Amino acid sequence: MGRMVMLVVGALLALWVLFTFILPMLMGLLQLALIVGVIGVIVFIAVSLVGRSR
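Here the structure is a predicted model, which means the values were calculated and not measured.

Peer 1: How would you explain the overall build of the protein chain if you had to name every residue and give the values?
Peer 2: From N to C terminus, the protein chain includes 1 helix and 0 strands. For 54 residues, the compact-globule estimate of 2.2 N^0.38 gives 10 Å, and the C-alpha radius of gyration of the protein chain, at 23 Å, exceeds that figure by more than 25%. Taken along the three principal axes of its C-alpha coordinates, the protein chain extends 80 × 10 × 5 Å. Put simply, the protein chain shows about 5100 Å² of open surface, and 83% of that area lies on carbon and sulfur atoms.

This is how it looks when you write it as structure tokens:
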């Protein structure tokens, strides 16, 4: 019985850690990667436009 209680408590703790720490961290990293990618595309377009005009 104690083993089952500890299993349930462990599963609940794992879900709590997942939803409070892991998922927000991953969303922040995804947002950062998206921002860096958009800036990279803008720089690439600007450099290729300047390169074609000269």
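Now that the structure is up, let's keep going.
Peer 1: Go over the UniProt feature "transmembrane region" (unreviewed entry) in the protein chain with me, naming the residues and quoting the values.
Peer 2: Listed under "transmembrane region" (unreviewed entry) in the UniProt record, and renumbered for this structure, are residues 7-26 and 32-51. Each end of residues 7-26 is marked by a C-alpha atom, and these two atoms are 26 Å apart; helix forms 100% of the span and strand 0%. Overall, residues 32-51 shows 100% helix and 0% strand. The separation of its end C-alpha atoms is 28 Å.

Peer 1: Describe the packing of aromatic side chains, listing the residues and the values that go with them.
Peer 2: Scanning the model with the defined rule gives 1 aromatic pair in all. Their ring planes at 85 degrees and their centres at 5.7 Å tell us that W16 and F21 sit as a pair that is edge-to-face.

Peer 1: Talk me through helix 1 (residues 2-53); I want residue IDs and the actual numbers.
Peer 2: The end-to-end C-alpha distance of helix 1, which contains 52 residues, comes to 75 Å, matching closely the 76 Å that a straight helix rising 1.5 Å per residue would cover. Considering bend angle alone, the principal kink of helix 1 is centred on L18 and spans about 40 degrees.

Peer 1: Before we move on, could you go through the environment of A46 and cite the residues and values that matter?
Peer 2: With respect to the secondary-structure elements, A46 resides in helix 1. The exposure class of A46 is partly exposed, given its relative accessible area of 39%.

What counts and how
Residues numbered from 1 in each chain as written. Predicted model: local features only at pLDDT ≥ 70, side-chain atom pairs only at ≥ 80, totals over all residues. Heavy atoms only, no water. Helix = DSSP H or I, 4+ residues; strand = E, 2+ residues; numbered from the N terminus. Rg over C-alpha atoms; globule rule 2.2 N^0.38 Å. Areas by Shrake-Rupley, 256 points an atom, 1.4 Å probe, with all protein chains shown as cover. UniProt positions renumbered as here; feature names shortened; annotations may be inferred. Phe/Tyr/Trp six-rings, centres within 6.5 Å; stacked < 30°, edge-to-face > 60°. Expected span 1.5 Å × (residues − 1). Bend = angle between axes of the 7 residues up to and from the residue. Buried < 20%, exposed > 50% of the residue type's maximum accessible area, 1.4 Å probe, protein only.

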